[in-house]
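Summary of the model geometry
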There are 2 protein chains.
Amino acid sequence: MATMHDVANLAGVSLSTVSYALTGVRPVSEKTRARIQAAMDQLGYQRNAIARSLASRRTHILAMLFPAIERGLSGTALEFVTSAAETARERGYHLVLWPVNDQEGHETRELLQQGLADGALVMEVRLDDPRVALLHEVGTPFTLIGRTEDPDTLHYADIDFETTVRDALDHLTALGHRDIALLSHSRASLDAGYGPTVRVGAAFERYMTERGLSVVVRHCDESADAGRIATAGLAASHPRVTALMTMNDAATFGAMAELLERGKRIPDDMSVLSIVSSPRVGALSHPRLTTMSAPGTELGRLGVTSLIAQIEGTGATALHTLIPCRLDVQSTTGPARLPMNHTP
Amino acid sequence: MATMHDVANLAGVSLSTVSYALTGVRPVSEKTRARIQAAMDQLGYQRNAIARSLASRRTHILAMLFPAIERGLSGTALEFVTSAAETARERGYHLVLWPVNDQEGHETRELLQQGLADGALVMEVRLDDPRVALLHEVGTPFTLIGRTEDPDTLHYADIDFETTVRDALDHLTALGHRDIALLSHSRASLDAGYGPTVRVGAAFERYMTERGLSVVVRHCDESADAGRIATAGLAASHPRVTALMTMNDAATFGAMAELLERGKRIPDDMSVLSIVSSPRVGALSHPRLTTMSAPGTELGRLGVTSLIAQIEGTGATALHTLIPCRLDVQSTTGPARLPMNHTP
């Protein structure tokens, strides 16, 4: 296939001049433009892959639908993006991120209908996620990183929240904790049916009840200040709590700051265990945070591999994979001592 | 213009069937496919914007070239992405992120040459950045968020590092600090000529020398553990240091953890001032971190506005804007006391 270099050589102009003529970024005389057009016609040059895509219907672009990028990329999401981008590259695809957060789906639809992506990785999945119907309608192959309420007919890879919560509670109860509170994502994320918020809440309620322990849950926004406020409220309403299980990185740091400001020792007065996090995030705090790290790397690889198999029609079986978080015990969990506001 | 709904109605099939026929995601019988094709021809339906783009040469997509997304989105970058995405949306454009980090530029070139983006925002700019020549060659309009060594002929918006460093040192020296160390980005980023690392290092050296103070600089990777190690090394080699000026969010948290582990009080034994950061990041620590916050929101808006003006040919003047970081005094900076390893 003729290149832009060939066009420039034949027309007797520089490569930049060809480029300016094609894009209109800088003015090019009519005479030069005509010479370039003649060279393009003679060589059968097509400006770019748009024309090729029209023929092949392939762009080799995978779009990651990432609604809440403004809330930040957690350690998990970072590992996920890195691993997904690498896997795509190995297979000759490009991963691009679409930071689209439109409830009605107008912008997502517009991007999908442009046909610019061969497939989509759907992040931040809700139990009833309108993007599933949209993707079916537009006909774009997709893999969920997460799950809807009834995902059996779809391709997905997700965290095994049941096992994760059970393992977290095993760790804390083995240390003697009985009064354990869950500090979770925002109330808005619960109301929206965001998968992790709903599933972790349900698993926490079930396993605590099974053990005959009371269920204390606080929702808070993804910020340190929200974590401080929630922790202050918890100290007032539930002074006997000796362990926090958290799923909200920024709020976890706020919670620890609030405890330290109140003169509490971590973990002597209060243990803190952060799930769906990572040792990398845990290393940011003093004392170093005990985490259960999300399988971001595995999810990224699985998701992209499944998506490419769908696009290329080589997928024999559907992807239905759940992976639990891994416990990394550091310095914020320890034996339960006296309830929160008692002094010896 | 005919829609996919019109095609489905005329062909007497469901919308999904039309979509499957067009994408090949699921099998559609030859007979049905022929009926759909006939309806499309009759209505003059064009499958998607690829065809329209070929005519108009516009995709209304702005690509953000983001090499180091795997290192995480700092508070600054998050504000920037959010603001850029919003500004684009207001103007009828879509912002997409390209997490491409290829030294040779192969993948960047391939993406650009597909003509899928009308313009590019270039992040993580180096003093001698190969992407500038590449963008010129391909003919894609672009705006730098950052600056090359000699950016006069380019469009850019960047942090005013000179003013930022001067203001930071004014704050610290007014508190009596004379022994101030800079904890910066990695040595690799310095060697690569990454703008912020080079410019902050140069400004720090100049302003410290002008004040007759000694220049102590440590480079470390973007992780808490690297910050811990650098701080331990600094305590051994420069025990008189009473203030850290940092530009590296993760390392700053590691530095504070290391100080606390050594029994140092912040700010009584050591002040910490984090530049090119944000109050949101500062809220994660205890005590709450004094920051100089980067103008992410302003840079995002300016960058996208300038880029769209170039694309649409309405840009009267080039964008050459520098904005300093804003000081937000919190609890980690205070009066200089005794040198680091002296006890009263």
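Residues numbered from 1 in each chain as written. Chains lettered and ligands numbered in written order. Predicted model: local features only at pLDDT ≥ 70, side-chain atom pairs only at ≥ 80, totals over all residues. Heavy atoms only, no water.

Within an unreviewed UniProt entry, the label attached to chain A reads LacI family transcriptional regulator, and the organism entered is Phytoactinopolyspora alkaliphila.

1. Concerning the pattern of salt bridges
Note on pairing: side chains with opposite charge can pair once their charged atoms come close. One pass over the structure, following the stated rule, counts 30 salt bridges over all chains. Measuring nitrogen to oxygen at the nearest pair gives 2.2 Å for the salt bridge that ties R206(A) to E162(A). You can see R206(A) sitting in helix α10 (residues 195-210) and its partner E162(A) sitting in helix α8 (residues 161-174), a full 44 residues away along the chain. Given a relative accessible area of 38%, R206(A) falls into the partly exposed group. A salt bridge links R262(A) to E258(A), with the shortest nitrogen-to-oxygen separation between them at 2.8 Å. Through salt bridges that share partners, D225(A), R228(A), E261(A) and R288(B) make up one connected network. (Salt bridge = Lys/Arg side-chain N within 4 Å of Asp/Glu carboxyl O. Helix = DSSP H or I, 4+ residues; strand = E, 2+ residues; numbered from the N terminus. Buried < 20%, exposed > 50% of the residue type's maximum accessible area, 1.4 Å probe, protein only.)

2. Section: the confidence of the model for chain A
Residue and element names in this part refer to chain A. The predicted model of chain A averages 87 in pLDDT, with 86% of residues at 70 or higher. Between residues 48-56, whose pLDDT stays under 50, and residues either more than four places distant or in other chains, the model counts 24 contacts. Low confidence marks residues 340-344, where pLDDT is under 50. Its contacts with residues over four positions away, or in another chain, come to eleven contacts. (pLDDT = per-residue confidence, 0-100. Contact = heavy atoms within 4.5 Å.)

3. Some thoughts on the environment of E79(B)
Residues and elements named next belong to chain B. Mapping E79 onto the fold places it in helix α5 (residues 75-90). As for E79 and L299, which are separated by 220 residues in sequence, their C-alpha atoms are 9.2 Å apart. Not counting the four nearest positions on each side in its chain, E79 is found in contact with S278, A294, G296 and T297.

4. A look at a negative patch on the surface
Residues and elements named next belong to chain A. Where like charges cluster on the molecular surface, the negative patch consists of D128, E149, D150 and D152. The topology assignment puts E149 in the loop between β4 (142-145) and β5 (156-159). Looking at E149, the relative accessible area reads 61%, which means it is exposed. (Patch = residues over 30% accessible without salt bridge, like charges linked within 9 Å, V, L, I, M, F, W, Y side chains within 5 Å. Areas by Shrake-Rupley, 256 points an atom, 1.4 Å probe, with all protein chains shown as cover. Lys, Arg positive; Asp, Glu negative; His and termini not counted. Charge placed at Lys NZ, Arg CZ, Asp CG, Glu CD.)

5. Quick look at the environment of V276(B)
Residues and elements named next belong to chain B. For V276, the position within the fold is in strand β9 (residues 271-277). You can call V276 buried: its relative accessible area is 17%. Spatially, the C-alpha atoms of V276 and C325 are 6.5 Å apart, while their sequence positions differ by 49 residues.

6. Quick word on the sheet that holds strand β10 (residues 290-293) of chain A
Residue and element names in this part refer to chain A. As summarised here, the arrangement of the six strands in space is β7-β6-β8-β9-β10-β12, forming an open sheet in which the pairing is mixed. Only two strands of the sheet have a single neighbouring strand rather than two, namely β7 (216-219) and β12 (326-328). Put simply, the sheet's adjacent strands are angled 20° from each other on average, direction ignored. With four bridges connecting them, strand β9 (residues 271-277) and β10 associate as parallel partners. Along β10, the bridge assignment pairs L273 with T290. Contacting β6 (180-184), β8 (243-246) and β9, helix α12 (residues 249-261) runs over the sheet at an angle of about 170° to β9. (Pairing = 2+ DSSP bridges. Axes fitted to C-alpha atoms, helices over the stretch in contact; angles between N-to-C directions.)

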